Amino acid sequence: MPRKGEKKEEIKTKPPPPAGGSPPPNGPKKEAIDGLPPNPHSPSALASQPQVVPRMHVTPASSYSNVAGRIPVGSPSIRRDNRNQGSSHFNVSAKRDLQKLPLLKDAPPNGREELFIQKLRQCCVIFDFNMDPLSDLKDKEVKRAALNELMEYITTQRGVITDSIYPEAIQLFAVNAFRTLPPNSNPSGAEFDPEEDEPTLETSWPHLQIVYEFFLHFLEAQDFQPNTAKKFIDQKFVVQLLELFDSEDPRERDLLKTTLHRIYGKFLGLRVHIRKQISNIFYRFIYETERHNGVAELLEILGSIINGFALPLKDEHKTFLLRVLIPLHKVKSLSCYHPQLAYCVVQFLEKDPSLTEPVVTGLLKYWPKVHSPKEVMFLNELEEILDVMEPVEFNKVMQHLCTQIARCISSTHFQVSERALYYWSNDYIMSLVSENCEVLFPIILPALYKHSKSHWNKTIHGLIYNALKIFMDMNQKLFDECNAKYKESLEMQEKQHERRLEVWSKIESLALQNPQIFKVPHFRATLGVLNERPPTDSQERVVPESFLPPDLTDKSADSSSPDILKKPRHLMRRKSGLPHDFETAQAIHSYQAAELPSATPLSSNEDSNLSAQ
Amino acid sequence: MAHDGTEGSLYPIAVLIDELRNDDVQLRLNSIRKLSTIALALGDERTRSELLPFLTDTLDDDDEVLWALAEQLGDKDFVVLVGGPEYAHTLLPPLESLATVEETVVRDKAVESLRSVAEHHSKAHVEEYFVPMIKRLATGEWFTSRTSACGLFSVVYANCTPSTKQDLRTAFRALCGDDTPMVRRAAAAKLGELAKVMEPENVKQDLMGMFHTLANDEQDSVRLLAVEACAAISSLLSKEDIEQLIIPIINAAAKDKSWRVRYMVADKFSELQKTVGPELTKINLVYAFASLLKDPEAEVRAATSNRLKDFCSSLGEEYRQEAILTQIMPCIQQLATDTNQHVKSALASVIMSLSPIVGKESTIEHLLPLFLIQLKDECPEVRLNIISSLESVNKVIGISQLSQSLLPAIVELAEDTKWRVRLAIIEYIPLLAEQLGVEVFEEKLNNLCMQWLIDNVFAIREAATVNVRNLVEKFGSDWARVSILPKVLNMSQDSNYLHRMTTLFAVNLLVDVCTPDVIRTSMLPVVLKLGQDNVANVKFNVAKTLTKIAKRVDVSAVKSEIIPVMEKLAADTDPDVKYFATEALSEARALVK
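All values derive from a computational prediction rather than experimental measurement.

Draft legend 1. Examining the overall build of chain A more closely. Within chain A one finds 27 helices and zero strands. Sorting the 613 residues of chain A into buried and exposed places 56% on the buried side. When the accessible surface of chain A is split by element, carbon and sulfur atoms take 54% of a total near 26700 Å².

Put into structure tokens, the structure is as follows:
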């Protein structure tokens, strides 16, 4: 498993210095944003591809109704007429005429602080971008220029963040960013398609973006003192910040992600609180609404947080894995955040292999029953987990795990079957299996036998042929034994079913002797109709005369199979080329995703830091 | 299967254990559904001492199986199987552990079952078993158990001793202030239910405190649930208490910074208004309602608009007119030209029903201009909503005031490119025709009705034939002969067989409402002639139509004109024509005999 070490390495690498050349007009922003080198295993790399970024969910109003019928179904499901004009309703300030103030650099040094504060206050005026985008154009421009100047000022000047600046700068951010998000503009319930619907962009973005960036630079400034700021950046601040993660605008979520990451890094006292609040958001998402736009971003931050956990892991963190991350697998919109989630899970297992058993058991519990694309995601994740699994841990879970794999091979959806059979081209997994073939052959082989010829999809035949060949090479003798036992067991199944019926009918006759039966007429009615035959596959089974596609010499099978195995391993369902709307696409392209920086600020001394305060 | 079923040694629980070990979920599910059979086989004593402990201790299965188990245990007859009400408490342990699982549906089912099991508990057993269980759940470590606990208080509260009641209130108060929002939401959702079983003085003293906490929660999802409880609680309070305790909360919620809370207020406004009473509404709620009508969020405006009629009609009579005209009307005027079409359409669906409330003069002065604006709205849904509620206006001011604007709007909708819009307007034509009277109808709408008959969407043609029938029913057979039939029957010569079929479909329906004379002289010849058509579909429809006609005209005509044509059709080469003609023939012959 050479990947294991590598992966860690890459995440922890410090971002390389920004590419040379003069900084663009927005200046230092780029520094934070051109982060890590593209890393296929890192979720943040995924998020920077625009087609994966948009994730959105549905009106919270109707989500409440999903839970407990709070709002009657059929209450107006409003779609905005002009979809890309959706905006939060800020409390637009009453007095909006702004006077352009002199530039900070032109002010005398002793007057700069006061002018700085004046400008910060000026930028607390909120404008309307929604109802009337063309209103107050001149004043909006004044604010925009002022925000840009402020940002440049705190990045280029030293010693300007004095004690009196903290409340003002944080207030600037709070006033501009904290707001109640508007109703989601995308359709709800079954109509909702995370891969087709376009995100609604925030109309106030021209100001909001600079506000976020200003605040980020403020947090990152060398003079910034978390101890002074913690009076203002408190628990309530964090709660409000986290609420914004439900924003429909992927650009905003991206900046929020970086902002929260910085806060987590700098404010040790808030870490427990942040983790707890994120858990609450997830609980709500999992058990109540199933709607949230920012799950992927939150998981990305968590990925980085988990990376920094000290060993041995605290119980609190283990609980988080088993009670939050694992149940997140069952939400129907899993595809929106699966890469990030799988990354978090694997991180945990790399830290503490003893968690393997509960994690795998959990995954098996939430294994999708009818949702094939989701099943493929699970198989992807399981392979990642197997890649880092130690043989001792594998022994604990292998039986249940392989039963599930056998079931996947038998899936009528060829992508599921195909994905499961790709495990045979993973040498590490095969080595794990080969060490335990006594136990595992009897579990897996029947599935292979059954579909070696009967699966409707020809690709599967080739793959099964290969899998059987690998198993045969592993242990020819055992292979033959299992072959024989399989035939036997088919006959046994029939007998077992008969025996079940017999036992149940005896129980029923016992039940009928109980005088109470007359008191419970509707239970009585259920007697006798109980033993409908379960839909086992015994009815549809095909008993091939020989289970091995015996044409081991068959050229066509031989020549086709290697090709199949050469297929790329990344079998994630292709997302459609989102977004379709030209303007949306442009807006997202023109926005460059901020990368999470290296995990160093959060790294392993996290827990010691915690205990220190 | 590990167990031989020799008569004496058959042990039902072992069978169950074995079955539950099976890989197939469906099989496990079936076994759990047969729990009653196993319990019967065991007898009540062993069910109590063996089966239930086994279920409590060992069950860790798919959520689906757990759900089925929770359902089984809550069955009203399962109590019999454990030995009757005095043993009902033995059902609590397995349900208690089901009430703590993660999956919401399982937990909810377990709570539902616990609530139904609670009914079988005697007072003593409630104290001895049920209340301690509630306390355990309410102080559980994991939020799931605390959420479940919230739903159990109200079912046993009334049966408890005062001191236990005190304990329960304390426990519930703790849940209202719980650390996790999930628990606070559950508590807020159950608050109203608990209030109803509580003593009035405790509602005022104890419960109001909890209510305040929840109504001021930092999470909007909690606050909005508190709004819901508002109506239930205020129905238990005196007028003074409502004014002092509830009204401020409603007003604050109507101004809440989260639109979801305001939406909830709008949505529940009628209930709130009802419990608060007309007098307090006048002083306190009219303003709040008006401000919701002006809300910045379209969802809230639409939800409030939907409540307009209920709100206005429940206002006290003595101030109704004034309040509507001075406070509500200005808002309505703005809504009529709202930027959001859903708001306009919500308004359009209720605005007409305001006219009986405000009376003739105010309708003409204030509402009529708005009707006219909305009738010209760019969105078809808005126009449609106005037209569909014409009736209530007609009663107050008559439709003539509107006909000037109404007709162009109808004509435009009738030609809308969306067939569903056309379909909707067709459904209102008989109503309009009645209100406009025959003359106006002839002049303006008759052509439209004929046009729909040759629409290129079948659903419209079909609706158009039904419409024609309804019109004839209203205006009479003679009118049909003069105004409708010539055009309908003329279509039988059309080159398009679909139009010829439409004639047949129309005749099919008109037969019911025209006099035999009209049928015989106008319709029958045309239908008979179509019997010579060269399209099979037309021919077998002729056979069907003739069957209906035969029942309405006199026997001689059947004999001399209808049966010969049917006979000819029965000899057709097309199997379908043959089939339907033969059927028709046998019916016709039966009539003649």
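Draft legend 2. Layout of the overall build of chain B. When its secondary structure is counted, chain B shows 35 helices and zero strands. Here chain B has a C-alpha radius of gyration of 35 Å; the compact-globule value for 593 residues is 25 Å, and the former is much larger. Principal-axis analysis of the C-alpha atoms gives chain B an extent of 90 × 80 × 35 Å. Within chain B, the proportion of its 593 residues that are buried is 60%. Taking all contacts inside chain B whose residues are at least 6 apart in sequence as the whole, residues at least 24 apart take part in 68%.

Draft legend 3. Highlighting the confidence of the model for chain B. Residue and element names in this part refer to chain B. When pLDDT is averaged along chain B, the result is 86, and 97% of the positions lie at 70 or above. Across residues 1–8, confidence stays below pLDDT 50; counting only partners more than four residues off in sequence or on other chains, it has 14 contacts. Note on the complex model: pTM 0.74, ipTM 0.72.

Draft legend 4. Inspection of the packing of helix α9 (residues 123–138) of chain B against helix α12 (residues 162–176) of chain B at higher detail. All names here are of chain B. Between α9 and α12, the least distance of the axes is 10 Å, while the angle of their chain directions is 20°. Overall, the two elements α9 and α12 adopt an arrangement that is roughly parallel. For the pair α9 and α12, the sense of crossing is left-handed. Side by side, α9 and α12 meet where Glu127, Val131, Ile134, Lys135 and Ala138 of the first sit next to Thr164, Asp167, Leu168 and Leu175 of the second. In terms of residue class, the contact of α9 with α12 is made up of five nonpolar, one polar and three charged.

Draft legend 5. Summary view of the side chain of B:Ser362. Relative to the assigned elements, B:Ser362 resides in helix α24 (residues 355–375). Excluding its chain neighbours within four sequence positions, the residues that come into contact with B:Ser362 are B:Gln321, B:Leu325 and B:Leu367.

Draft legend 6. Structural detail: the confidence of the model for chain A. Residues and elements named next belong to chain A. Put simply, chain A has an average pLDDT of 74, and 68% of its residues get 70 or more. Ranking the helices and strands of chain A by mean pLDDT puts helix α15 (residues 338–351) first, with 94, and helix α2 (residues 29–33) last, with 33. Counted against residues more than four places away or in other chains, residues 597–601, with its pLDDT under 50, gives 15 contacts. Across residues 603–613, confidence stays below pLDDT 50; counting only partners more than four residues off in sequence or on other chains, it has 20 contacts.

Draft legend 7. Region of interest: the environment of A:Ser185. Tracing the chain through its elements places A:Ser185 in the loop between α7 (165–177) and α8 (205–220). As for A:Ser185 and A:Glu198, which are separated by 13 residues in sequence, their C-alpha atoms are 9.3 Å apart.

Draft legend 8. Quick look at the packing of helix α15 (residues 220–234) of chain B against helix α18 (residues 269–276) of chain B. All names here are of chain B. Between α15 and α18, the shortest axis-to-axis distance is 9 Å and the interhelical angle comes to 25°. The angle between the axes of α15 and α18 places the two elements in the roughly parallel class. Relative to α18, α15 is oriented so that their crossing is left-handed. Contacts between α15 and α18 pair Val227, Cys230, Ala231 and Ser234 from the former with Glu271, Leu272 and Thr275 from the latter. Partitioned by chemical class, the residues of the contact of α15 with α18 number four nonpolar, two polar and one charged.

Draft legend 9. Representation of the environment of B:Ala266 in the model. Residues and elements named next belong to chain B. Topologically, Ala266 is positioned in helix α17 (residues 259–267). Its relative accessible area of 0% is what places Ala266 among the buried residues. As a C-alpha pair, Ala266 and Gly140 span 126 residues in sequence and 36 Å in three-dimensional space. Ignoring any residue separated from it by four or fewer positions in sequence, one finds Ala266 in contact with Leu292, Val300, Ala303, Thr304 and Arg307.

Draft legend 10. Region of the structure containing the packing of aromatic side chains. Evaluated as defined, the whole model comprises 36 aromatic pairs over all chains. With 5.7 Å between their ring centres and 80° between their planes, A:Phe173 and A:Phe178 make a pair best called edge-to-face. We note that A:Phe173, like A:Phe178, is buried. Residues B:Phe269 and B:Phe311 carry aromatic rings whose centres are separated by 5.6 Å and whose planes lie at 75° to one another, so their mutual orientation is edge-to-face. Note that B:Phe269 is positioned in helix α18 and B:Phe311 in helix α21 (residues 308–313), a separation of 42 residues in sequence. For the residue pair B:Phe269 and B:Phe311, the accessibility class agrees, reading buried in each case. Through a chain of ring-to-ring contacts, the aromatic side chains of A:Tyr166, A:Phe173, A:Phe178, A:Trp205, A:Tyr212, A:Phe214, A:Phe215, A:Phe218, A:Phe224, A:Phe237 and A:Phe267 assemble into a single cluster.

Draft legend 11. Examining the nonpolar core more closely. Judged by nonpolar contacts, the single largest core of 372 residues is most densely connected at A:Tyr337, A:Trp424, A:Leu448 and B:Ile233. At 15 residues, the largest contribution of residues to this core is made by helix α28 (residues 419–453) of chain B. Apart from residues lying up to four places away in sequence, A:Tyr337 is in contact with A:Phe285, A:Val295, A:Ala296, A:Leu299, A:Leu328 and A:Val331. Counting five residues, the second largest nonpolar core, distinct from the first, contains A:Leu98, A:Phe127, A:Phe129 and A:Val142.

Draft legend 12. Region of interest: helix α20 (residues 427–435) of chain A. Residue and element names in this part refer to chain A. Every buried residue of α20 is accounted for by Ile429, Met430, Leu432 and Val433. Summarising the axial view, the buried residues of α20 lie within an arc of 155°, below the 170-degree limit, and thus occupy one face. Residues of α20 that are exposed and point over 90 degrees away from its buried face: Asp427 and Glu435. On its buried face, α20 is in contact with α17 (372–387), α18 (391–409), α21 (437–454) and α22 (458–474). With a side-chain oxygen lying 2.9 Å from the backbone nitrogen of Tyr428, the N-terminal cap of α20 falls on Asn426.

About the thresholds
Numbering of residues starts from 1 in each chain and follows the order in which that chain's sequence is written. For naming, the first written chain is A and the first written ligand is 1, with later ones following in the order written. Residues qualify for local features only when their pLDDT is at least 70, as the model is predicted, and side-chain atom pairs are given and counted only at 80 or more; totals for whole chains, interfaces and linings, by contrast, use all residues. In computing side-chain properties, one takes all heavy atoms of the structure into account and sets aside hydrogens as well as water. Segments assigned H or I by DSSP are reported as helices when at least four residues long, segments assigned E as strands when at least two residues long, and all are numbered from the N terminus. When a residue's accessible area, from a 1.4 Å probe over protein chains only, is under 20% of the maximum for its type it is buried; when over 50% it is exposed; and in between it is partly exposed. In short, Shrake-Rupley with a 1.4 Å probe defines the accessible areas, and a residue's cover is counted only from the protein chains shown. Throughout, the radius of gyration refers to the C-alpha atoms, and the reference size of a globule is 2.2 Å times the residue count to the power 0.38. Contact criterion: two residues are considered in contact whenever any of their non-hydrogen atoms come within 4.5 Å of each other. The pLDDT value tells you how sure the predictor is about a given residue, anywhere from 0 up to 100. Axis definition: a line fitted to C-alpha atoms, over the contacting stretch in the case of helices. Angles run 0 to 180 degrees between N-to-C directions. Any angle between 65 and 115 degrees counts as roughly perpendicular, while under 35 counts as roughly parallel, over 145 as roughly antiparallel, and the rest as oblique. Handedness of a helix crossing follows the sense of rotation of the near helix relative to the far helix, less than a right angle counterclockwise being left-handed and clockwise being right-handed. Ten residues, namely Ala, Val, Leu, Ile, Met, Phe, Trp, Tyr, Cys and Pro, are considered nonpolar, four, namely Asp, Glu, Lys and Arg, are considered charged, and the remaining ones, Gly among them, are considered polar. For Phe, Tyr and Trp, where Trp contributes only its six-membered ring, two rings pair if their centres lie within 6.5 Å, and the inter-plane angle classes them as stacked under 30 degrees, edge-to-face over 60, or tilted in between. As used here, the term nonpolar core means buried Ala, Val, Leu, Ile, Met, Phe, Trp, Tyr and Cys residues forming a set that is joined through side-chain atoms within 4.5 Å. Throughout, the arc means that of the directions going from the helix axis to the C-beta atoms. Polar contact is the term for a pair of N or O atoms within 3.5 Å; when the atoms are in protein, one must be able to donate a hydrogen and the other to accept it, and sequence-neighboring residues count only if both atoms are side-chain atoms.

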